[in-house]
Amino acid sequence: MIGSKVVSKRAFDEMIQALAETSDVVAPVSRGYDRFSYREVKDASTLEVDGYIPTLNPPKKYFLPPEEVLVEFATEDEASVASGARVRAEPRIDACARVLLGVRTCDLKAIRQSDEAYKDTFEDDNYFARRNRATLIGLTCLEPCDEHAFCAAMGANDVEEGFDLLLTDWGDDWIVSVGSERGDDLLETLQSRAVTEDDRARWEVLQGKREEAFAPSAEKIVPDLDALPDLVGDSEDSAVWIENGDLCLGCGRCNLVCPTCFCFDVQDDVSLGLSSGERKRRWDGCTLLEFALVAGDENFRSDRKDRLRHKLYHKTRSTFDRYGEVFCTGCARCFRTCLVDIYHPEMYNALHERLGGES
Amino acid sequence: MNVAKESSALYVPEPAQIIDKEAMTEEETWYHLRLESERSLDHDPGQFVGVSVFGVGEAPISVTSPPSMKDGFELCIRHVGNVTDILRGLDIGDWVGIRGPFGRGFDLEPAKGKDILFVAGGLGLVPLRSVIKTALENRSDFRRVILFYGTRSPDTLLYEDEIAQWDADPDVEFHLTVDMTDDTWKHNVGVVTTLFPRVDFDPKDTVAYICGPDIMFRFVVQQTTRLGIPDENTFLSLERRMKCGVGKCGHCQEGSVYVCREGPCFSYAEVKAF
Amino acid sequence: MKPKVGFFSFTSCEGCQLQVLNMEEQLLDIAGAIDLVTFREAMDPIDSDYDIAFVEGSISRESEITVLREMRRKADVVVALGACAASGCVNAIKNRFDSEENLREVYGDAARYYDTIDARPIDQVVNVDFYLRTCPITREEFARLFTSLLLARRPYDPNFAVCVECRMEENVCVYDMDAGEFCMGPVTRAGCGALCPTYGSSCIGCRGFMDQANFDSMVQVMQDHGMAREDAVNRLKMFNAALPEAEEVK
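Residues numbered from 1 in each chain as written. Chains lettered and ligands numbered in written order. Predicted model: local features only at pLDDT ≥ 70, side-chain atom pairs only at ≥ 80, totals over all residues. Heavy atoms only, no water.

Got a sec to walk through the overall build of chain A? Specific residues and values, please.
Each helix and strand in chain A was counted, giving 11 helices and 14 strands. In terms of C-alpha radius of gyration, chain A reaches 22 Å, essentially the compact-globule figure of 21 Å for 359 residues. Taking the principal axes of its C-alpha atoms as reference, chain A extends roughly 75 × 60 × 40 Å. Residues classed as buried in chain A amount to 62% of the 359 residues present. Within chain A, contacts between residues at least 6 apart in sequence are counted, and of these 72% link residues at least 24 apart. With an accessible surface of roughly 14,600 Å², chain A has 45% of that area assigned to carbon and sulfur atoms. (Helix = DSSP H or I, 4+ residues; strand = E, 2+ residues; numbered from the N terminus. Rg over C-alpha atoms; globule rule 2.2 N^0.38 Å. Buried < 20%, exposed > 50% of the residue type's maximum accessible area, 1.4 Å probe, protein only. Contact = heavy atoms within 4.5 Å. Areas by Shrake-Rupley, 256 points an atom, 1.4 Å probe, with all protein chains shown as cover.)

This is how it looks when you write it as C-alpha cells:
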C-alpha cells in the first residue's frame, strides 16, 4: 500500500542527524567483503547503500543482546553466595532510546514475531525495556537483495505493520508510510506533502516492477507457505533430515544469525571473592548438541538430524500452531552463514517432492 | 491458574528460608521452605518452582505440598546436578532463591464424581503427592481413589509415613510395588504396570494422573489405553530441560509446546498431538 | 578452610602458568582464597596432599607418567591447565613421525640420553576432573573455573563450536574474506570468546574438538576454499593429534 506522505531525502536526513544527537541511531553499515552490520550512524546516508544484503546479525541484537545480565546478586556479609547465606538479588535492565534506521521488511516482520513470543503469557521486561524505546524506520526493498533471499515466498517482502515509519525510495524523496503514533509524531516534525494522483500512478508501475523482480524469490519454495507446517510436521522419518544432518556441522551459526531465533542459555558468574555475582543469559541454539540435555544426562535430541528438523519444526509447525504464522522471513541469513550450504527452501521442496508434490 | 507476578521480577528469585529438612533416601531430601515475603506460594498441584543457589544456577523442582498448606511449601529434591548437589549441603535456616510457581499443573476438575487412578513411578511421587493430598482433602468429590506407587527398591521409597497412612486408609485403594527386594517385603514385586490386574476398573468413569520417568509413561499409557480410559482423561507430567520457566529460553520445547509454560502436565490426548 | 592448591608443569612452554601470574589485580584475591602449596616444576618431589592440582603440560616421557600418577593419588581434584594437558597440543605432532627419527633430528648425538614417548594429554594417564583448554589459557576461563571450584559447582565448559561465540561477536567469517584463512571454528570447542577470529585470524583448534564434530564436512569446507585435502587433515590434527577423535579425521 502506498504511503501517505512524501518527504525530501534532504529533510529526512536532517531529521536523522538531529535524532542522532539525542539518541542512538543505528543502520546497516558495510563491514567489507560484501557484509553488513548494524552500527551507530550520524545521518541517513547509509540508506542509499547499493547491493545491501541482510546484516550479519539481525536487529534482534538490540532487544536480545548476545549476552546480558538479568540479575545481580550479593550477600550482605561477604559470605559466599552459595553458602546458604541470604542473598540480595536485583533485576538489571540496560536500555536506551534507539532509532533503527533502514530496517528491511524481512527484519520488521521478524521483530514483530519476536515481540509476540516475548510477550506471550509472560512479558519479558528486559526485552521490552529496549523494544519499547526503539523507533523502527523501515525500508522497502525494490528487488531481492541477492539470489538466495526467499522473502517473497515467505510473504516478507512487504509489511503492513510492525514499523513506526516505512520508507520507499522516490527519487529525491521518500514515500513514507506511518505505522504508529510515534511515527506520526516524527513525521509531524518534517515538511511533507500528501501523495498525489501522479504518485499513485507511479506507485502502481513500481509495484509491477517489484513483483517481477521478486518473482524468482517467490518461486524458491514450491509448496504453499501455509502447507509448510504440515509438511515439516509430518516428516519425522524423512531422508531429507538424514541427508542434511550428515552434511550439517552442528555449529549453530544458522540459529544465532536467525532473526526469529530467540532461545537463550542462563549461567551464573561470580566474583573471585565469591560474595557477589551475575546471572547472565546468552544466545543459544537448538541445533547445538546440549540444547535439550537434562539433569541426569538424558538428551532428547542427540542426533544432528533431529536437531535440524526440530529447528524447522519449531519455525513452521510450532509457531503456526501458537501464533498462526510461520516464523521464517526468508532473509536467508541461515544460508549465507552456512558453510555447507544447507538451504531451507531446498529442504522444503525435497519434502514436498518426496510426498509426491509437483516440482 | 497462576499468572506472572510483578513482571520486572520475571527472572529475579525471591529469598526463601529452609524451615526444615530431612533426608528421605540416599538420593533425595525433603525441604520445607518459607518465602521471606511470607507470600503464600499459591500453586496448583503439579506446578514447579525454580530453585536458585546463587553463583551455581537454578533447577526446576516440582512442589510436593498441596496448595492447602499455607505455612510455606515443600520440595523433595533428588541430588543429580550442580544446584541440587549444593542444596544437599544446606541446613535449616539457610537461604535459597525461589521463582514461580510455573507451568500448568494437574486439574482435578475432570475427575469430580469419578474414580481417580494415580500412578507414580519413583520420583514421580513428588509432584503427584500434591495432587493426591488435594484429592484426599476433598475426598467426597470423587468416587474411588486408586493409588499405584512403584519404585526401584524398598530403600528408595519416598514418604514412608504417608504411604503407611494411605495403606491403612479404607478410602484409598493403595498398591505398592518395587522392582526388586528381599523376602521381608510384603507388597508386590515388579514394575508398576504389574499392579493393573489387581484392580477392577470402571474405565469410562476413571481419570488417571501419571507421573514418572518417560519410559514408565509409555508402558502405563499402554495399560490405561487398553483398559479404555479415554486419552483426554489420562494426565501426565513431562520432564524436559526447563530453564527460564516462562516459555522464552526454548530448552523445554517439545513438539509445538514449551513444556514449562503449556505443561508440565498434559492430557495424553495433547501429548499424542505433539 | 582454604583449599590446598598445587601447580605442576610437564611438557609445555609454561605459558599457562604465566597466564595465571598475569592475572595482576585478581592475583591477590586468588592467593587469598587458597593455601598455595606448590608452584613449580613437577619433577620436584610431591610431599603433600592437595585439594586441587592444576597440571600444565602433556606427558611425553615415561618418568612423567610416574610423577603424574603419584600426584593424582595425592590430589582430590585434578585440573588440566591448558591445551597441552587437556588435548596434547602441538607436542603431539611428533606422534605422527618416527620416534627415533625425531630424537636424532632434535638432539643429534645426545639422543640416547633422552627418554621419550608419544605425547599425550594427561587424561590418557590419569582421571581428570576439569579442563582449561585454551593455548594458552585465558584469564577469564581460569577465573571462571577457579570460582566454580571454590563454590563446589561443575564449571561451565561449553561443548559447542567456536562459531557460536564468533557470531555473538558479529565477526565477518574468515571464509567470507577469502583471505587464505582456514578456520576450524565449526569443530572446535568454544570458551575462548572466539578470540582469534575476532582479531581476523582463523581458529586453529587449540581448544580441542567439540563432541559430535563433523570432520567430513569440515575437511570438505576447507577443500572448497582451496586447501588440499591432506593439508586440511594436517591442520585439523595440528593441536589435536593425540585426541582419539583425531582418528576420525581422514
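Outline the interface of chain A and chain C, listing residues and values.
Frequently, the measure chosen for interface size is the accessible area that the parts lose on association. In this assembly, 43 residues from chain A lie in contact with 34 residues from chain C. With both chains or domains summed, chain A and chain C bury close to 3,200 Å², and 62% of this area falls on carbon and sulfur atoms. Taken together, the connections running from chain A to chain C amount to two salt bridges. Run the count over chain A and chain C and you get 17 residue pairs in polar contact (both at pLDDT 80 or more). Mapped by element, the contributors of at least two residues to the side of chain A that touches chain C are β3 (35-40), α7 (239-247), α8 (253-257), β11 (264-270), β12 (276-283) and α9 (304-323) of chain A. Looking at the side of chain A that touches chain C residue by residue, the classes come out as 20 nonpolar, nine polar and 14 charged. (Buried area = accessible area lost by both parts, 1.4 Å probe. Salt bridge = Lys/Arg side-chain N within 4 Å of Asp/Glu carboxyl O. Polar contact = N/O pair within 3.5 Å; in protein donor to acceptor, adjacent residues only side chain to side chain. Nonpolar A, V, L, I, M, F, W, Y, C, P; charged D, E, K, R; others polar.)

I'd love a proper account of the interface of chain A and chain B, names of residues and values included.
The interface of chain A with chain B comprises 49 residues on the first partner and 42 residues on the second. In total, about 3,700 Å² of surface goes out of reach between chain A and chain B, with carbon and sulfur atoms giving 57% of it. Per-residue buried area on chain A facing chain B is highest for A:Arg86, A:Phe122 and A:Arg279; these three make up 19% of the total on that side. Applying the counting criterion to the chain A and chain B interface returns four salt bridges. Viewed at the interface, chain B and chain A are joined by 22 residue pairs in polar contact (both at pLDDT 80 or more). At the level of elements, β4 (67-75), β5 (87-91), α2 (105-119), α3 (125-131), β11, β12, β13 (293-294) and α9 of chain A are the ones that each hand at least two residues to the side of chain A that touches chain B.

An account of the sheet that holds β11(A) is needed here, citing residue identities and associated values.
Each strand in a sheet pairs with its neighbour through backbone hydrogen bonds, running either in the same direction (parallel) or in the opposite one (antiparallel). All names here are of chain A. Within the open sheet, the four strands sit side by side as β5-β4-β12-β11. Their pairing is antiparallel. Bordering the open sheet on either side are β5 and β11, each of which pairs with just one other strand. Recorded for the sheet is a direction-independent mean angle of 25° between the axes of neighbouring strands. Inspection of the sheet shows β4 paired to β5 by five bridges, in the antiparallel sense. Within the sheet, the bridge partner assigned to Glu-72 lies in β5 and is Glu-90. (Pairing = 2+ DSSP bridges. Axes fitted to C-alpha atoms, helices over the stretch in contact; angles between N-to-C directions.)

Provide a residue-level description of the confidence of the model for chain A, including the pertinent values.
Residue-level pLDDT values for chain A average 94, and 98% of them are 70 or greater. By mean pLDDT, β13(A) is the weakest element of chain A at 75, and helix α10 (residues 333-337) of chain A is the strongest at 98. (pLDDT = per-residue confidence, 0-100.)

Give a detailed account of the pairing of strand β8 (residues 165-170) of chain A, specifying residues and quantitative values.
When a strand is regular, its side chains alternate between the sheet's two faces. All names here are of chain A. Across the six residues that make up β8, a large majority, five, are buried. Alignment of strand β7 (residues 134-139) against β8, held across three bridges, turns out to be parallel. Bridge assignment links Ile-137 to a residue of β8, and that residue is Leu-165. Bridge count between β8 and strand β9 (residues 173-178): six bridges; the pairing is antiparallel.

Explain the nonpolar core residue by residue, including any values.
Within the largest apolar cluster, 102 residues are counted, with the highest numbers of intra-cluster contacts made by B:Leu75, B:Leu87, B:Ile98, B:Leu117, B:Val119, B:Phe148 and B:Ile210. Among the nonpolar cores identified, the runner-up in size contains 59 residues, and A:Cys328, A:Leu351, C:Phe182 and C:Met210 belong to it. (Core = buried A, V, L, I, M, F, W, Y, C linked by side-chain atoms within 4.5 Å.)

Any chance you could break down the sheet that holds strand β8 (residues 145-151) of chain B for me, citing the residues and the numbers?
All names here are of chain B. Pairing is mixed across the open sheet formed by seven strands, whose spatial order is β10-β9-β8-β7-β11-β12-β15. Taken across any chain shown, the strands that pair with only one partner, and hence form the sheet edges, are β10 (188-189) and β15 (265-267). As paired elements, strand β12 (residues 234-237) and β15 share three bridges and run antiparallel to each other. Across the sheet, residue Phe-235 finds its bridge partner in β15, namely Ser-267. Packed on one face of the sheet, helix α4 (residues 214-227) meets β7 (115-121), β11 (206-211) and β12 and runs near 170° to β11.

How would you explain the pairing of strand β1 (residues 5-8) of chain A if you had to name every residue and give the values?
Where β1(A) lies against strand β10 (residues 193-194) of chain A, two bridges are found, and the strand directions are antiparallel. Bridged to A:Val6 within β10(A) is A:Arg193.

Could you give an account of the confidence of the model for chain C, with specific residues and numbers?
In this model, chain C carries a mean pLDDT of 91, and residues with pLDDT of at least 70 account for 97%. In the model output, the complex is listed with pTM 0.93 alongside ipTM 0.95.

Residues and numbers for the side chain of A:Asp120, please.
The topology assignment puts A:Asp120 in the loop between α2 and α3. Given a relative accessible area of 11%, A:Asp120 falls into the buried group. When near neighbours in sequence (up to four residues on either side) are disregarded, A:Asp120 contacts A:Arg322, A:Tyr323, B:Lys248 and B:Arg261.

Any chance you could break down the domain arrangement of chain C for me, citing the residues and the numbers?
Residue and element names in this part refer to chain C. Examined at the domain level, chain C breaks down into domain 1 (4-150) and domain 2 (162-248). Its C-alpha centre places domain 1 at a distance of 25 Å from the equivalent point of domain 2. In this complex, domain 1 contributes 18 residues to the contact, which on the side of domain 2 involves 14 residues. Summing both partners gives a buried area of about 1,300 Å² for domain 1 against domain 2, and 55% of it is carried by carbon and sulfur. On the domain 1 side of the contact with domain 2, Ser-87, Arg-96 and Arg-133 bury the most area, a combined 44% of that side's loss. One can count one salt bridge joining domain 1 with domain 2. The interface formed by domain 1 and domain 2 contains five residue pairs in polar contact (both at pLDDT 80 or more). Sorting the residues of the side of domain 1 that touches domain 2 by element identifies α4 (83-87) and α6 (139-151) as the ones contributing at least two each. Residue composition of the side of domain 1 that touches domain 2, grouped by class: eight nonpolar, five polar and five charged. (Domains from an automatic or database assignment.)

Provide a residue-level description of the pattern of salt bridges, including the pertinent values.
Taken as a whole, this structure holds 59 salt bridges over all chains when the rule is applied. Among the salt bridges present, the one from B:Glu262 reaches A:Arg322, with a minimum N-O distance of 2.9 Å. Residue B:Glu262 is located in helix α5 (residues 259-262), and its partner A:Arg322 is located in helix α9; the two belong to separate chains. Judged by relative accessible area, A:Arg322 falls into the partly exposed class, the value being 34%. Salt bridges linked by common partners bring A:Glu67, A:Glu72, A:Arg92, A:Asp94, A:Asp269, A:Glu278, A:Lys280 and A:Arg282 together as one network.

An account of unusual backbone geometry is requested, with residue identities and associated values reported.
The residue after B:Gly100, namely B:Pro101, is reached through a cis peptide bond having omega 10°. Among the structural elements, B:Pro101 can be located in strand β6 (residues 95-102). The amide bond that connects C:Cys135 to the next residue, C:Pro136, takes the cis arrangement and shows omega of -15°. Considering the arrangement of structural elements, one finds C:Pro136 in the loop between β5 (130-132) and α6. Backbone geometry at A:Asp34 places phi at a positive 60°, although glycine is not the residue there. Counting through the fold element by element, A:Asp34 comes out in the loop between β2 (24-32) and β3. In this model, C:Ala194 sits at a positive phi of 55°, which is unusual for a non-glycine residue.

Outline a nonpolar patch on the surface, listing residues and values.
A surface patch of nonpolar side chains, amounting to about 460 Å² of accessible area, comprises C:Val106, C:Tyr107, C:Tyr113 and C:Tyr114. With respect to the secondary-structure elements, C:Tyr114 resides in the loop between α5 (99-107) and β5. (Patch = residues over 30% accessible without salt bridge, like charges linked within 9 Å, V, L, I, M, F, W, Y side chains within 5 Å.)

Explain the packing of helix α10 (residues 215-224) of chain C against helix α11 (residues 229-237) of chain C residue by residue, including any values.
Residues and elements named next belong to chain C. Following both chains from N to C, one finds α10 and α11 inclined at 130°, their axes separated by 9 Å at the closest point. In terms of orientation, α10 and α11 fall into the oblique class. The two elements α10 and α11 meet at a crossing, and its hand is right-handed. On α11, the residues that touch Met-218, Val-219, Gln-220, Met-222 and Gln-223 of α10 are Arg-229, Ala-232, Val-233, Arg-235 and Leu-236. Its residues assigned to classes, the contact of α10 with α11 comprises six nonpolar, two polar and two charged. (Parallel < 35°, antiparallel > 145°, perpendicular 65-115°, else oblique. Left-handed = near helix turned anticlockwise from the far one by under 90°.)

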